[in-house]
Structures are given as C-alpha cells and as structure tokens.
Amino acid sequence: MSKSPLSTKSKQPILAIDFGTSNSLVGCVYNGEKTLALPIDDLNADPTMMRTLLYFPEPDICFYGQRAIEEFLENDMEGRLFRSFKTHLPNQAYLGTMFKNRVLSLENIIGLFLLELKKRAELAIGQKVTHVVMGRPARYSMDEVADGFALHRMQRACQFAGFTDVQFIPEPLAAAFDYRRNATEEKTILIGDFGGGTSDFTIMRINPKEFSKKDVLSIEGCPLAGDALDSIFMSNKLNEYFGAKTRYMLPMSSNVMTMPPNVTTRLNHPAHIVHLKDKETYEFVKEVKKCALTPKDAAGVDRLFALIEDNQIFPFFETIEASKKELSKSKTSNFKFDYPDIEVYETFSTDQFVAWANDIKNNIISALDRSLQQSGLTEKDIDLVCLTGGTSKVPLIRQEFENRFGIEKLQTQTEFHSVTAGLVEVAALWEKGQTVS
Ligand SMILES: Nc1ncnc2c1ncn2[C@@H]1O[C@H](COP(=O)(O)OP(=O)(O)OP(=O)(O)O)[C@@H](O)[C@H]1O
Ligand SMILES: [Mg+2]
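Attention here is on the structure that accompanies the text. Bear in mind the structure is a predicted one, so any value in this text is a computation, not a measurement.

1. A closer look at the pairing of strand β5 (residues 53-58)
- Along β5, 5 of the 6 residues are buried, which leaves the element largely enclosed by surrounding structure.
- Sheet topology note: the β5/strand β7 (residues 80-83) ladder contains 4 bridges and is antiparallel. By the bridge assignment for β7, F56 is matched with R80.
- One ladder, built from 3 bridges, connects β5 with strand β6 (residues 61-64); its direction is antiparallel. Pairing of L54 across the sheet is with Y64, part of β6.
- In textbook terms, the turn of a hairpin is the stretch between consecutive antiparallel strands, and for β5 and β6 this stretch comprises 2 residues.

2. Focus on the pattern of salt bridges
- The final tally for this structure, using the stated rule, is 30 salt bridges.
- A salt bridge links D178 to R181, with the shortest nitrogen-to-oxygen separation between them at 2.6 Å.
- With relative accessibility at 38%, the residue R181 sits in the partly exposed group.
- Via salt bridges that share partners, R80, R266 and D278 belong to a single interconnected network.

3. With respect to the site of ligand 1
- Close to ligand 1 lie 21 residues, the nearest being T21, S22, E321, K324 and S328.
- Taking N23, its side chain carries an N or O atom lying 2.7 Å from an oxygen atom of ligand 1.
- At 2.9 Å from an oxygen atom of ligand 1 is found a main-chain nitrogen or oxygen belonging to G390.
- When ligand 1 is considered free in solution it has 660 Å² of accessible area, and contact with the protein chains removes 93% of it.

4. A word on the nonpolar core
- Of all hydrophobic cores here, the largest spans 59 residues; its most connected members are L238, F242, F316 and F401.
- C28, M50, M154 and V274 belong to the second largest nonpolar core, which has 39 residues in total.

5. Notes on the packing of helix α5 (residues 226-236) against helix α9 (residues 313-326)
- Running from amino to carboxyl end, α5 crosses α9 at an angle of 105 degrees, the nearest separation of the two axes being 9 Å. Taken together, α5 and α9 sit at an angle that is classed as roughly perpendicular. Residues G226, L229, D230, F233 and M234 of α5 lie in contact with α9, whose contacting residues are F316, F317, I320, E321 and K324.
- Class assignment for the residues of the contact of α5 with α9 results in 6 nonpolar, 1 polar and 3 charged.

6. Topic: the sheet that holds strand β19 (residues 384-388)
- Reading across from one edge, β14-β13-β12-β19-β20 is the order of the 5 strands in this open sheet, with mixed pairing throughout. A strand with exactly one partner marks an edge of an open sheet, and here the two such strands are β14 (216-222) and β20 (410-412). Neighbour to neighbour, the strand axes of the sheet diverge by 20 degrees on average, direction disregarded.
- Lying on the sheet, helix α4 (residues 171-180) is in contact with β12 (187-194), β13 (199-206), β14, β19 and β20; it crosses β13 at an angle near 40 degrees.

7. Some words on a nonpolar patch on the surface
- Taken together, the side chains of M249, V256 and L293 make up a nonpolar region of the molecular surface, amounting to roughly 220 Å² of accessible area.
- Tracing the chain through its elements places L293 in the loop between α7 (279-291) and α8 (295-309).

8. Describing the environment of C291
- Within the secondary structure, C291 is located in helix α7.
- Under the relative-accessibility criterion, C291 is labelled buried at 10%.
- With 32 residues separating them along the chain, C291 and M259 place their C-alpha atoms 12 Å apart.
- Excluding its chain neighbours within four sequence positions, the residues that come into contact with C291 are Y248, M249, L250 and P251.

9. Concerning a negative patch on the surface
- Negative charge collects at one region of the surface, where E70, E74, D76, E78, E309, D310, D338, D341 and E343 lie side by side.
- Mapped onto the fold, E309 is located in helix α8.

10. Some details on the sheet that holds β6
- Across the sheet, 3 strands lie side by side as β6-β5-β7; this open sheet has antiparallel pairing. Both outer strands of the open sheet, β6 and β7, are each paired with one neighbouring strand and no more. Between one strand axis and the next, the sheet turns through 20 degrees on average, direction left out of account.

11. Quick word on the side chain of E431
- Along the chain, E431 falls in helix α13 (residues 418-431).
- Engagement of the side chain of E431 in a polar contact is seen with the backbone nitrogen of N31, the distance being 2.7 Å.
- Within the structure, the side chain of E431 is placed 2.7 Å from the backbone nitrogen of G32, a separation counted as a polar contact.

What counts and how
- Residues numbered from 1 in each chain as written.
- Chains lettered and ligands numbered in written order.
- Predicted model: local features only at pLDDT ≥ 70, side-chain atom pairs only at ≥ 80, totals over all residues.
- Heavy atoms only, no water.
- Buried < 20%, exposed > 50% of the residue type's maximum accessible area, 1.4 Å probe, protein only.
- Helix = DSSP H or I, 4+ residues; strand = E, 2+ residues; numbered from the N terminus.
- Pairing = 2+ DSSP bridges.
- Salt bridge = Lys/Arg side-chain N within 4 Å of Asp/Glu carboxyl O.
- Near = heavy atom within 4 Å.
- Polar contact = N/O pair within 3.5 Å; in protein donor to acceptor, adjacent residues only side chain to side chain.
- Areas by Shrake-Rupley, 256 points an atom, 1.4 Å probe, with all protein chains shown as cover.
- Core = buried A, V, L, I, M, F, W, Y, C linked by side-chain atoms within 4.5 Å.
- Axes fitted to C-alpha atoms, helices over the stretch in contact; angles between N-to-C directions.
- Parallel < 35°, antiparallel > 145°, perpendicular 65-115°, else oblique.
- Contact = heavy atoms within 4.5 Å.
- Nonpolar A, V, L, I, M, F, W, Y, C, P; charged D, E, K, R; others polar.
- Patch = residues over 30% accessible without salt bridge, like charges linked within 9 Å, V, L, I, M, F, W, Y side chains within 5 Å.
- Lys, Arg positive; Asp, Glu negative; His and termini not counted.
- Charge placed at Lys NZ, Arg CZ, Asp CG, Glu CD.

Structure representation (structure tokens):
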C-alpha cells in the first residue's frame with residue numbers, strides 16, 4: 001500500500017476519515033476543493049457524523065450507524081451489535097468472533113465499516129475513491145509491538161475496503177492542522193483530543209507560513225478515554241447487580257469460586273460486552289446460575305442472565321453513558337434502568353466519579369507529561385491549549401488543564417469536526433505532493 005504523490009493528470013478525490021471509537025466522520029479534497037464533512041448518516045441528528053456501530057441481525061446482513069440501532073431495536077435486539085471495536089486493534093489475543101456460521105475477523109469488521117463509509121462518501125461526491133488520509137490515535141497501545149500490530153490490522157482493513165493508497169495521520173496532529181488553518185502569527189499550541197477510546201496530545205508551532213515537519217514538537221497519547229470512564233460505573237458499583245461477586249460451587253467440587261475475570265471484563269467494558277453472547281461465556285453463565293451458593297448469589301447471576309438473554313447490555317451501557325454525561329453538568333445523576341428482572345436504581349455523585357476516575361486521569365496526565373518532555377517545553381512555553389473530542393467536556397479533565405496552564409490559555413473546541421478538518425488539510429497537501437509525517 002503506497003502513499004505516492006498524485007500526478008496532476010490523474011487527480012482524483014482523496015477522502016479524509018476520522019474513524020473514531022464512538023463516532024466517525026469523512027471529509028474530502030478534490031482538485032484543491034475541500035469539503036470538511038460529507039453527509040454520511042441521514043438518520044443521525046448530525047448527518048455528517050456516523051456512530052461507529054455495526055449490527056448483524058443475521059450473519060449475512062449488516063446495518064451501520066444510526067440504522068444499526070434502529071434495526072437492533074426493531075429486531076428485539078437479537079443478533080450482534082458491535083460498538084467500540086476500534087479498541088481491540090492492539091489486542092493480539094483478540095482476532096474477532098463467530099456469529100452463527102460466520103467468522104468475523106476484526107479486520108473484516110472494521111473493513112466493512114470503512115467500506116460503508118467509502119460507499120456513502122462516493123455517493124455524496126459522485127466519484128469513485130481509492131485514496132484516503134486515515135486518522136489514527138497517537139498510540140493504539142503503550143506497547144510498541146501491539147501498536148504496530150494495530151496499525152497493520154488497520155492497513156488490512158483499509159485494503160478490504162478498497163483503498164489502494166493510504167496515509168495514516170495521528171489524530172491529535174490532524175486537530176493541530178485544523179487550528180493551524182486560522183493562524184495569523186507564530187504560536188506554540190498544545191492539542192488535547194479526548195475521545196471514546198484514546199486521549200491524545202500534540203504540541204506544534206503554528207504559523208501562517210508553509211508547513212514544515214520541524215513544527216511538530218511531540219505526539220503522545222494513552223488508550224484511556226470516554227469508554228474507560230463508562231467502565232468505572234460498572235467496575236466500581238453496577239457489576240454487583242450482575243453477579244460480579246457471586247459465589248458458586250461446581251458439582252462434585254468443594255471449592256467456592258467467584259465470577260471469573262473473563263466474564264467480569266466483558267461485563268465492565270463497552271468494547272467487550274458483545275462477547276458476553278459468545279457461546280462459551282453464555283454457557284458458562286448458565287452453569288453458574290445453577291450452582292450459585294446462596295439466593296443472594298443467585299439473584300446477581302439471574303440478572304446477568306437476563307441482561308444477556310434479553311439483549312439489554314447495549315441499552316444498559318447507553319444509560320451509563322447518559323449518567324456520565326449528566327455528571328458533566330450536575331453534581332448528581334440518577335441512574336435508572338427499568339427492565340423486568342433488571343431494575344437498577346442508583347444515584348451517582350461527581351465526588352464518587354472523580355474518585356473512581358483518579359487512575360484514569362493520572363494515566364492521561366502522564367501522557368501529557370511525556371508530551372511536554374518530548375517537546376522539551378514546559379507549561380509556560382505553551383501559548384494556547386486546545387481541547388477537543390467528546391471527553392473534553394468532562395470537568396475533571398478540563399480542571400487539570402486549567403490548573404496547569406491557566407484558564408486564559410484554554411480554548412475548547414466543543415464540536416467534533418476538528419480531526420476531520422485537519423485530515424482534509426493533510427489530504428490537500430498530499431494532492432500537491434507533500435506529506436506531513
Ligand atoms: N457531555 C459529555 N460529558 C462527558 N463525556 C461526553 C460528553 N459528550 C460526549 N462524551 C463522550 O465522548 C466520547 C466520544 O467522543 P468522540 O466522538 O470525540 O470520540 P471518538 O473520536 O469516536 O473516539 P477516539 O478518538 O478515541 O477513537 C464518548 O465516550 C462520550 O461518552
Ligand atoms: Mg476522535
């Protein structure tokens with residue numbers, strides 16, 4: 001797969017894809033004309049954004065984005081709904097899954113999604129496309145081998161989708177390119193992009209002059225963001241409702257066991273929940289249900305069984321996400337999940353949330369420290385701090401930046417298009433024969 005400069009004669013559109021853990025967007029450049037966001041999901045409140053979701057009601061039928069949710073509900077939530085699958089890319093133990101008789105490798109799942117984005121973009125611009133500037137996190141993983149493995153799988157997914165020429169660009173660098181568009185004087189900026197799967201940083205000098213690779217002073221990140229914040233509601237509290245502490249004793253054994261991590265991990269993490277339906281896990285939970293030690297132990301596993309059997313795990317995580325968002329505005333949030341046999345009512349407070357999120361915050365801040373270190377700069381050398389991505393709305397994240405850099409340097413880009421807009425800038429340079437990384 002090459003990233004050759006396009007000859008002037010064979011100019012063709014270049015797509016810019018921000019393939020996000022939660023939301024994906026597509027822009028385009030053609031003959032120097034930039035389109036910052038193409039319509040890719042008419043059913044979405046913002047049609048230029050598609051939720052990164054795939055739904056198979058049957059192994060050979062697939063729906064995408066908002067339609068995936070609608071069909072999922074229409075079909076009584078039968079079949080398989082995949083969310084947050086970008087997260088699996090660096091996980092060498094995760095190859096994919098089986099749905100009935102169909103093997104769904106991760107490359108195929110992502111490839112199908114990218115192919116759909118490509119088709120919709122082609123429809124919008126009325127042209128076939130083979131070239132793409134594709135966003136990638138600063139780090140898919142902290143482990144270099146896993147990071148390379150993730151990129152390799154993304155290359156395979158791009159190939160599957162029919163892209164012959166692909167340039168991967170770190171998402172925070174793309175966001176910096178968006179800010180660079182409006183630069184009127186030389187400034188040193190720090191970009192923080194907090195998404196669903198990763199928190200990413202770039203430090204870059206921006207100026208109205210032509211871009212030089214030397215302007216990029218650092219690119220860093222860590223694979224923790226919005227999904228990890230959803231997950232703490234489960235791991236700290238809600239998983240108790242679903243047998244996380246259930247004790248059981250298998251027939252012919254006198255060992256008292258508790259719910260193993262392969263079940264609780266799946267229960268706690270948005271990217272893993274779909275795998276609670278994998279045959280082995282499902283059969284295992286059924287077995288535990290028969291062998292629970294006390295009625296209280298059984299009640300938890302009964303709820304877990306109902307959650308899986310009645311396909312309530314996706315809506316349950318949607319309710320968790322809504323509670324998390326509520327805590328970005330209010331001191332408390334009432335969590336209410338009202339489904340027969342799975343009634344859960346809790347009140348969460350911001351204090352609780354801040355305490356639970358402490359490790360995640362520290363990991364994110366370590367990535368920020370590495371980013372500053374890489375650049376050889378300190379806080380006082382940064383002129384402007386630009387925060388973007390959905391998770392930048394979380395007060396505990398913003399607070400940290402206010403404390404370190406001062407509120408006057410902070411600029412928040414609340415809309416979701418800055419990475420795509422920057423990828424479009426990179427595509428425009430590519431069209432002219434210049435690469436940026
Ligand atoms: N008001 C809010 N408060 C807290 N979190 C929010 C809010 N709005 C959105 N989010 C979170 O932002 C995340 C999605 O952000 P975004 O669309 O930037 O991610 P993404 O680009 O898909 O992911 P990534 O870049 O990590 O691959 C979700 O985890 C969502 O819950
Ligand atoms: Mg993003």
